[in-house]
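As a plain string of letters, each chain reads:
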Amino acid sequence: ECFFSSNIAPVNQGPRLSGIGAAEYAKEQGAKTMACIANVIPNFGGWVCQGIEAWGKENGVDVQSFNGQPDLSDGETIMQQALAINPDAVVVVEAGPGVSGYLKIAEKLGATVKFYGPTSAYDTAFPDAVGSHWFGKFPAEIEFNTMDSTGPDNTLWQAVMAKYGADAPIDSFSQGGFLSAKIAVDALLALDPAKIDREAVTAAFMGVSDYSSDLVCSTWSFGQSDHHNANHTGRIVELTADGGWAVVKDCFDIPDPELADLVG
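Quantities reported herein were computed from a predicted structural model and do not represent experimental measurements.

J.: Go over the state of the cysteines, please, and point to the residues and values.
T.: Covalent bonding between the sulfur atoms of two cysteines defines a disulfide. In this structure the tally under the stated criterion is two disulfides. There is a disulfide in this structure between Cys217 and Cys251, and the S-S distance comes to 2.1 Å. Taking the sign of the S-S torsion, about -80° here, the bridge from Cys217 to Cys251 comes out left-handed. With Cys217 in the loop between helix 8 (198–206) and strand 6 (233–239) and Cys251 in strand 7 (residues 245–253), this pair connects stretches of sequence that are 34 residues apart. With cysteine numbering restricted to those in disulfides and following the sequence, the chain has the pairing 1-2, 3-4.

J.: A description of helix 1 (residues 15–28) should follow, citing residues and the corresponding values.
T.: Counting along an α-helix, one turn takes 3.6 residues, and residues three or four places apart therefore face a common direction. With 14 residues, helix 1 extends 20 Å between its outermost C-alpha atoms, agreeing within 8% with the 20 Å of an ideal straight helix rising 1.5 Å per residue. In terms of burial, helix 1 is a largely internal element, 12 of the 14 residues being buried. Among all positions of helix 1, only Pro15, Arg16, Leu17, Ser18, Gly19, Ile20, Gly21, Ala22, Ala23, Glu24, Tyr25 and Ala26 are buried.

J.: Kindly report on the sheet that holds strand 3 (residues 89–92), identifying the contributing residues and their values.
T.: Strand order in the open sheet formed by four strands is 2-1-3-4, and the pairing between neighbours is parallel. Every other strand in the sheet has two partners, leaving strand 2 (62–68) and strand 4 (114–116) as the edge strands with one partner each. Going across the sheet, the axis of each strand differs from the next one's by a mean of 20°, ignoring polarity. Here helix 2 (residues 45–59) sits on the sheet in contact with strand 1 (33–39), strand 2 and strand 3, set at roughly 175° to strand 2.

J.: Describe the packing of aromatic side chains, listing the residues and the values that go with them.
T.: For the coordinates displayed, the defined rule picks out seven aromatic pairs. Considering the side-chain rings of Phe115 and Trp134, the 5.5 Å spacing of their centres and the 80° angle between planes classify their relative orientation as edge-to-face. Of the two residues, Phe115 sits in strand 4 while Trp134 sits in the loop between helix 5 (126–130) and strand 5 (139–142), which places them 19 residues apart along the sequence. The burial state of Phe115 is the same as that of Trp134; both residues are buried. For the ring pair Trp220 and Phe222, a centre distance of 6.3 Å and an interplane angle of 80° mean the geometry is edge-to-face. Its end group placed over the ring of Phe252, Lys249 keeps NZ or CZ at 4.9 Å from the ring centre.

J.: Talk me through the layout of surface pockets; I want residue IDs and the actual numbers.
T.: Estimates place the volume of the largest pocket at around 430 Å³. Along the lines of polarity and charge, the residues of the lining of the largest pocket split into 11 nonpolar, seven polar and three charged. Considering only enclosed or pocket space, the second largest pocket measures out at about 210 Å³ in volume. Considering the residues around the second largest pocket, the lining is formed by 14 residues, among which Ser221, Phe222, Asn229, Ala230 and Leu262 are closest to the centre. Of the residues belonging to the lining of the second largest pocket, the class tally is four nonpolar, nine polar and one charged.

J.: An account of the nonpolar core is requested, with residue identities and associated values reported.
T.: Counting residues in hydrophobic clusters, the biggest one holds 46 residues, and the most contacted among them are Ile37, Phe115, Phe126, Phe138 and Trp220. Per element, the largest residue contribution to this core is five residues, and it comes from helix 4 (residues 96–108). Filtering out sequence-adjacent residues up to four positions away, Ile37 remains in contact with Cys49, Phe66, Ile78, Met79, Ala82, Val90, Val91, Val92, Val93 and Tyr102. Of all hydrophobic cores here, the second largest spans 26 residues; its members include Met34, Ile52, Val63 and Tyr116.

Thresholds applied
- Residues numbered from 1 in each chain as written.
- Predicted model: local features only at pLDDT ≥ 70, side-chain atom pairs only at ≥ 80, totals over all residues.
- Heavy atoms only, no water.
- Disulfide = S-S within 2.5 Å.
- Helix = DSSP H or I, 4+ residues; strand = E, 2+ residues; numbered from the N terminus.
- Expected span 1.5 Å × (residues − 1).
- Buried < 20%, exposed > 50% of the residue type's maximum accessible area, 1.4 Å probe, protein only.
- Pairing = 2+ DSSP bridges.
- Axes fitted to C-alpha atoms, helices over the stretch in contact; angles between N-to-C directions.
- Contact = heavy atoms within 4.5 Å.
- Phe/Tyr/Trp six-rings, centres within 6.5 Å; stacked < 30°, edge-to-face > 60°.
- Lys NZ or Arg CZ within 6 Å of the ring centre and 35° of its normal.
- 1 Å grid on protein atoms, 1.4 Å probe; cavity = no way out; pocket = protein on both sides within 12 Å on 5 of 7 lines; lining within 4 Å.
- Points joined across faces, edges and corners; volume = space filled by probe spheres on them.
- Nonpolar A, V, L, I, M, F, W, Y, C, P; charged D, E, K, R; others polar.
- Core = buried A, V, L, I, M, F, W, Y, C linked by side-chain atoms within 4.5 Å.

Laid out in structure tokens, this is it:
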């Protein structure tokens, strides 16, 4: 519903596109068969993995899906099922703790297949959470710029978080919240203060077009549509040997078949 409403225009890509972006990179690394692991939350896991399956059909990649409980109570079973198909790659699309949880299970089972993740894994706490076993061998698709990038918007985000968000996670979701607020404020500042009402604000938000920010690879627009995915270009980062993150693929379009009417 976040992405298929005429009245909601997210600045982030969402789990489906983030997962497809990770899968696209896995394909570039030679993967021809994949397992998609997500969860059974309605309108989440099924939608995410179905997206990767649809992408796979258009790109000659065999994708099978395995959706488990969000608390990973059946995590080992799900992982065993995913590994049993002998995939070239496993894409895990979960919240950060879920991704690290599945990777720990894979480590325990001695899995040697390559794993890939979504933007939810990209935060300052993930390397310690997942452990050094995965250093140097876990890529993730990120929906915004790197957390240490030096553009004006990311620098301002860093300053805001340092002053007001010391106890908040430093991650892609924080960047997205900041960017959505900045877009809204910039749109409102263009209005006549004496004439601000619901209609004026609605028109201002829907009129946002070609908004530029160093946080996103391309410009962002609200517009009028039955669904919105203005942010559909991402990057790939990988855990480094010392537990940091490094960009291994810069901005690229994420080929979700569901976006054909928006980008085709």
